[in-house]
Amino acid sequence: EADIYQTPRYLVIGTGKKITLECSQTMGHDKMYWYQQDPGMELHLIHYSYGVNSTEKGDLSSESTVSRIRTEHFPLTLESARPSHTSQYLCASSEDWTQYFGPGTRLLVL
Amino acid sequence: QKEVEQDPGPLSVPEGAIVSLNCTYSNSAFQYFMWYRQYSRKGPELLMYTYSSGNKEDGRFTAQVDKSSKYISLFIRDSQPSDSATYLCAMNPQGGGGFKTIFGAGTRLFVKA
């Protein structure tokens, strides 16, 4: 079982609030990823990181930001949540191209 | 056109049946092929991966890649109710990091006891 953790698992929040989704892994992987997953749709990459102090935007445009100050930690922040941000957010890490996923955070913005 | 196409299902089979899950793709650069299983309200977990063409077997699961047809399959033998989940195919070009992985939308499988 992969050692990658996400908190919170579920979050209901009002429009305009700032939120941070936490992701941590204990496998020592350099590469980490954030995906957005909507029901019946493909996973869409929104951010990734090659290692500490490295972050890149993915294919899907996102208003979120990420940081990578420590190898094991890759938080995602939304400065001002909107209903369009309602989705499931999945964090993953990898040593190569095989990714290990966390359990996900289900976000509902009212 | 999507790079990876996967029938969303749902696919419903009786316990003990052989299940065939498939994906087609358009990018001939894909070299690494993966299958993930995702239970409801959980993250995807890696089931199997193959490199280039051929078959790979792991217990009740067999992954098959036909690069000439741009078609990959996952076979599940002696299916169990615990196999009920969404199965995602994923593909990556050679030399690409995980950030180049393209996922299918997933096929929902129900195995009835």
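Cut-off values and rules
Residues numbered from 1 in each chain as written. Chains lettered and ligands numbered in written order. Predicted model: local features only at pLDDT ≥ 70, side-chain atom pairs only at ≥ 80, totals over all residues. Heavy atoms only, no water. Helix = DSSP H or I, 4+ residues; strand = E, 2+ residues; numbered from the N terminus. Rg over C-alpha atoms; globule rule 2.2 N^0.38 Å. Buried < 20%, exposed > 50% of the residue type's maximum accessible area, 1.4 Å probe, protein only. Areas by Shrake-Rupley, 256 points an atom, 1.4 Å probe, with all protein chains shown as cover. Lys, Arg positive; Asp, Glu negative; His and termini not counted. Charge placed at Lys NZ, Arg CZ, Asp CG, Glu CD. Contact = heavy atoms within 4.5 Å. Salt bridge = Lys/Arg side-chain N within 4 Å of Asp/Glu carboxyl O. Polar contact = N/O pair within 3.5 Å; in protein donor to acceptor, adjacent residues only side chain to side chain. Nonpolar A, V, L, I, M, F, W, Y, C, P; charged D, E, K, R; others polar. Disulfide = S-S within 2.5 Å. Pairing = 2+ DSSP bridges. Phe/Tyr/Trp six-rings, centres within 6.5 Å; stacked < 30°, edge-to-face > 60°. Lys NZ or Arg CZ within 6 Å of the ring centre and 35° of its normal. Axes fitted to C-alpha atoms, helices over the stretch in contact; angles between N-to-C directions. Core = buried A, V, L, I, M, F, W, Y, C linked by side-chain atoms within 4.5 Å.

A. Representation of the overall build of chain A. Helix and strand counts for chain A come out as zero helices and 11 strands. Of the regular secondary structure in chain A, the N- to C-terminal order runs β-β-β-β-β-β-β-β-β-β-β. For 110 residues, the compact-globule estimate of 2.2 N^0.38 gives 13 Å, and the C-alpha radius of gyration of chain A, at 13 Å, lies within 12% of that figure. Dimensions of chain A, computed from C-alpha atoms along their principal axes, come out at roughly 35 × 30 × 25 Å. Taken over 110 residues, chain A has a buried fraction of 49%. Carbon and sulfur atoms form 51% of the exposed surface of chain A, whose accessible area is close to 5,300 Å². The average position of the 9 basic charges and that of the 13 acidic charges among the side chains of chain A differ by 9 Å.

B. Up close: the interface of chain B and chain A. Of the residues lining the interface, 20 residues belong to chain B; the matching set on chain A comes to 22 residues. Between chain B and chain A we count one salt bridge in total. Taken together, chain B and chain A are joined by four residue pairs in polar contact (both at pLDDT 80 or more). Elements with a contribution of two residues or more to the side of chain B that touches chain A: strand E4 (30-38), strand E5 (45-51) and strand E9 (85-93) of chain B. With four residues, E4(B) is the largest single contributor of residues to the side of chain B that touches chain A. A class-by-class count of the residues in the side of chain B that touches chain A yields 10 nonpolar, seven polar and three charged.

C. Representation of the state of the cysteines in the model. Residue and element names in this part refer to chain A. Across all of its chains, the model carries two disulfides over all chains by this definition. Note on cysteine connectivity: Cys23 is disulfide-linked to Cys91, with sulfurs 1.8 Å apart. Across the S-S bond of Cys23 and Cys91 the torsion is about -75°, and the bridge reads as left-handed. Of this pair, Cys23 sits in strand E3 (residues 19-25) while Cys91 sits in strand E9 (residues 87-94), and the two are 68 residues apart along the sequence. Among the residues examined, Cys23 registers a relative accessible area of 0% and is labelled buried.

D. Representation of the pairing of strand E1 (residues 4-7) of chain A in the model. All names here are of chain A. Covered by surrounding structure in E1 are Ile4 and Gln6 only, the residues Tyr5 and Thr7 on the alternate face being uncovered. Where E1 meets E3, four bridges bridge the pair, whose relative direction is antiparallel. Directly across from Ile4, in E3, lies its bridge partner Gln25.

E. A look at the packing of aromatic side chains. If you walk through the whole model with that rule in mind, you get 14 aromatic pairs over all chains. Here the aromatic cluster, defined as three or more aromatic residues joined through ring pairs, consists of A:Tyr33, A:Tyr35, A:Phe101, B:Tyr36 and B:Phe103. Over the aromatic face of A:Phe74 sits the side chain of A:Arg68, whose NZ or CZ is 5.8 Å from the ring centroid. We note B:Lys56 situated over the ring of B:Tyr49; from NZ or CZ to the ring centre the distance is 4.1 Å.

F. Layout of the sheet that holds strand E6 (residues 54-58) of chain B. Residues and elements named next belong to chain B. Here five strands make up an open sheet; going across it, the order is E1-E3-E8-E7-E6 and the pairing antiparallel. The open sheet has two free edges, formed respectively by strand E1 (4-6) and E6, since each of these has just one partner strand. For this sheet, the mean inter-axis angle between neighbouring strands, taken without regard to orientation, is 15°. Across three bridges, E1 lies against strand E3 (residues 19-25) in antiparallel orientation.

G. A look at the nonpolar core. Formed by 25 residues in total, the largest nonpolar core has its most connected members in B:Val4, B:Trp35, B:Ile72, B:Leu74, B:Tyr87 and B:Met91. Of all the secondary structure elements, the ones that give two or more residues to this core are E3, E4, E5, strand E7 (61-66), strand E8 (71-76), E9 and strand E11 (107-112) of chain B. Listed in part, the 17 residues of the second largest apolar core include A:Leu21, A:Ile46, A:Val66 and A:Leu107.

Spatial relationships are all this shows, so hold off on functional conclusions.
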